[in-house]
Amino acid sequence: MTHHRLDPYPIPKDEMPLYVNEPWLIDKSLLEYPMRFEPEEEDDNVRVYVPLDLNKEATLRRLDHVIAHYGETNENDEMDFSVDVGMILSQVEVYDQVWYVRNMPEDGKHSKEAVALVREIVESLKAIPDGCAERFPFEDITELEREYLQ
């Protein structure tokens, strides 16, 4: 019995997919090991490319899901919370690179699409209830504002 849709063609079929060879964008267990770009060398390994939509709505939805999962940030959960948000921020970097190349803005080092997205991400991060966390989300907010919003 098949439970998964295995499609031999990228969706949509009329466009070329973008392959990002960074499995840790969706598999956070890999963040604890040295980064590798090559498939694992296990005899039973099957490397599968799973589509990931990178757009403003999908990114904010994933961020809202992470925030709802953890609630307030405190010393007990700030590391896990930070890792999950960090994965989303890595996805934002890919989104930014694609839009930057597509539009080649002359007035900045980031795409206007990514700047608008980061502005909303920062507002969401600022709204996380603080349960006495030491670093997260404060360092991420500072870095995002410095990199994208100044």
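Right above here is the structure, for reference.
A separate point is the pattern of salt bridges. Under the criterion given, the structure shown has 6 salt bridges. Among the salt bridges present, the one from Glu-147 reaches Lys-109, with a minimum N-O distance of 3.4 Å. Taken together, the residues span a long stretch of sequence, with Glu-147 in helix α4 (residues 138-149) and Lys-109 in the loop between α2 (78-103) and α3 (112-126) at a distance of 38 residues. For Glu-139, the salt bridge goes to Arg-135, with nearest N and O atoms at 3.5 Å. What makes Arg-135 partly exposed here is its relative accessible area of 48%. Because the salt bridges share partners, they merge into one network encompassing Lys-109, Glu-143, Arg-146 and Glu-147.

A few words now on unusual backbone geometry. A cis amide bond links Phe-136 with the next residue in sequence, Pro-137, at an omega value of 5 degrees. Relative to the helices and strands, Pro-137 is located in the loop between β2 (130-131) and α4. You will see that Met-104, though not glycine, has its phi angle at about 40 degrees, which is positive. Within the fold, Met-104 resides in the loop between α2 and α3. For Met-104, a relative accessible area of 52% corresponds to the exposed category.

With 26 residues, α2 extends 36 Å from end C-alpha to end C-alpha; this agrees with the ideal 38 Å at 1.5 Å per step. For α2, the set of buried residues is Glu-78, Phe-81, Asp-84, Val-85, Met-87, Ile-88, Leu-89, Gln-91, Val-92, Val-94, Tyr-95 and Asp-96. The inward-facing, buried residues of α2 abut α1 (56-70), β1 (73-74), α3 and α4. Just downstream of α2, Met-104 is the residue with a positive phi angle, here 40 degrees.

As a further point, take the packing of aromatic side chains. According to the stated counting rule, one finds 3 aromatic pairs in the structure shown. Look at Tyr-70 and Phe-81: their rings are 4.7 Å apart centre to centre, the planes differ by 20 degrees, and that puts the pair in the stacked class. With a gap of 11 residues between them, Tyr-70 in helix α1 and Phe-81 in helix α2 connect regions that are remote in the sequence. Residue Tyr-70 is classed as buried on the basis of its relative accessible area, which comes to 17%. You can call Phe-81 buried: its relative accessible area is 0%. Ring geometry for Phe-81 against Phe-136: centres 4.8 Å apart, planes inclined by 45 degrees, an arrangement best described as tilted. You can see Phe-81 sitting in helix α2 and its partner Phe-136 sitting in the loop between β2 and α4, a full 55 residues away along the chain. When its relative accessible area of 3% is taken as the criterion, Phe-136 is described as buried. Following the ring pairs from residue to residue traces out a cluster consisting of Tyr-70, Phe-81 and Phe-136. In this structure, Arg-102 packs its charged tip against the face of Trp-99, placed 4.9 Å from the ring centre.

Moving on: the environment of Val-118. Along the chain, Val-118 turns up in helix α3. The spacing of Val-118 and Leu-149 is 31 residues in sequence and 8.0 Å in space, taken between C-alpha atoms. Look past the residues within four positions of Val-118 in its chain and what remains in contact with it is Val-92, Leu-144, Tyr-148 and Leu-149.

Rules behind the numbers
Residues numbered from 1 in each chain as written. Predicted model: local features only at pLDDT ≥ 70, side-chain atom pairs only at ≥ 80, totals over all residues. Heavy atoms only, no water. Salt bridge = Lys/Arg side-chain N within 4 Å of Asp/Glu carboxyl O. Helix = DSSP H or I, 4+ residues; strand = E, 2+ residues; numbered from the N terminus. Buried < 20%, exposed > 50% of the residue type's maximum accessible area, 1.4 Å probe, protein only. Expected span 1.5 Å × (residues − 1). Contact = heavy atoms within 4.5 Å. Phe/Tyr/Trp six-rings, centres within 6.5 Å; stacked < 30°, edge-to-face > 60°. Lys NZ or Arg CZ within 6 Å of the ring centre and 35° of its normal.

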